[in-house]
Amino acid sequence: MHRSSSQISITCAALLALFLTGCAVTAPPHGPRESIGGGYAPCHRFFHALRRAVIEEQLGDAQDAPVTGYPYLRVSRFLASFRHRPMDGAMLKMWVERLLALGAQAWRVELTNLPPQRRAALAGLSPGGLPLKQAVGRCAGEMRAVDLATPQDVERLRRRVSVPDDYHTAWRVLGLYPVTGLMVSFGAARLHHEIHRTFSRPLARLQV
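Residues numbered from 1 in each chain as written. Predicted model: local features only at pLDDT ≥ 70, side-chain atom pairs only at ≥ 80, totals over all residues. Heavy atoms only, no water.

### A closer look at the overall build of the chain
And then number 1: When helices and strands are tallied, the chain shows 9 helices and 2 strands.
And then number 2: Counted from the first residue to the last, the chain has its helices and strands arranged as α-α-β-β-α-α-α-α-α-α-α.
And then number 3: The burial tally for the chain puts 27% of its 208 residues in the buried class.
And then number 4: For the chain, contacts bridging at least 24 residues in sequence account for 73% of all contacts bridging at least 6. (Helix = DSSP H or I, 4+ residues; strand = E, 2+ residues; numbered from the N terminus. Buried < 20%, exposed > 50% of the residue type's maximum accessible area, 1.4 Å probe, protein only. Contact = heavy atoms within 4.5 Å.)

Written out as structure tokens, the structure is:
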């Protein structure tokens with residue numbers, strides 16, 4: 001009986017450790033959002049509602065990747081490649097500004113693509129009653145001022161920036177990517193043959 005109790009205690013401790021580890025990974029940059037004053041908490045709820053609507057409507061802009069914990073930022077593979085490179089203050093500022101620009105661009109696309117009734121519902125959550133696109137810009141500025149106030153905050157952002165690959169693990173395990181690669185190679189070879197045949201014709205025989 002004593003042995004069973006020890007095993008249960010060890011199991012509970014392990015589960016608690018895993019839970020705390022998961023919280024540490026997904027925790028926001030400054031702890032609970034509701035504890036931050038000013039317009040931060042309303043803006044966080046606003047971005048959360050926007051993101052939920054975009055996901056439910058399956059209208060997310062796939063060009064650039066969201067940054068976990070920073071809903072107003074997006075990152076490209078090119079910008080993500082700088083996260084481990086030495087950057088001075090001016091370069092870091094430019095890098096952050098580019099992340100903000102990509103975020104603003106993505107939100108403009110996603111808000112435009114949302115159905116009118118969904119945009120009307122979200123308008124009620126807009127801080128200050130601003131139009132949605134203006135509210136996105138204002139909230140991006142409010143949240144950035146808190147999230148990226150110190151060099152340590154910027155370093156934390158650099159550690160979080162990443163772009164996941166588009167590969168599916170199941171397809172890799174089943175070996176489907178090599179199969180589709182052969183199909184793509186065959187199609188590309190046919191295209192190259194057609195292009196070469198077209199450019200090999202005398203100019204007088206080409207159709208205008």
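### Digging into the nonpolar core
And then number 1: The biggest cluster of nonpolar side chains holds 38 residues, and the ones touching the most others in it are W95 and L157.
And then number 2: Sequence-distant contacts of L157, defined by excluding residues within four places in its chain, comprise V67, Y70, L73, W95, V96, L99 and L148. (Core = buried A, V, L, I, M, F, W, Y, C linked by side-chain atoms within 4.5 Å.)

### A closer look at the packing of aromatic side chains
And then number 1: Using the criterion set out here, one finds 5 aromatic pairs in the structure.
And then number 2: Between F46 and F47, the aromatic rings sit 6.0 Å apart at their centres with planes inclined by 50°, giving tilted as the arrangement. Of the two residues, F46 and F47, neither departs from the other in class, the shared state being buried.
And then number 3: Ring geometry for Y70 and Y72: centres 6.4 Å apart, planes at 80°, overall edge-to-face. In terms of burial, Y70 and Y72 fall into one category: buried.
And then number 4: Site record: aromatic cluster; members linked through ring pairs are F46, F47, Y70, Y72 and W107.
And then number 5: Just above the ring of W107 sits the side chain of R74; from NZ or CZ to the centre is 5.3 Å.
And then number 6: Seen from the ring of F82, R85 lies directly overhead, with NZ or CZ sitting 4.7 Å from the centre. (Phe/Tyr/Trp six-rings, centres within 6.5 Å; stacked < 30°, edge-to-face > 60°. Lys NZ or Arg CZ within 6 Å of the ring centre and 35° of its normal.)

### Brief notes about the pairing of strand β2 (residues 70-75)
And then number 1: For β2, the tally of buried residues reaches 5 of 6 residues, placing the bulk of the element in the interior.
And then number 2: Bridge count for strand β1 (residues 65-67) against β2 is 3 bridges, and the pairing is antiparallel. Along β2, the bridge assignment pairs A65 with V75.
And then number 3: The loop that links β1 with its antiparallel partner β2 comprises 2 residues; one of these, G69, has a positive phi angle of about 90°. (Pairing = 2+ DSSP bridges.)

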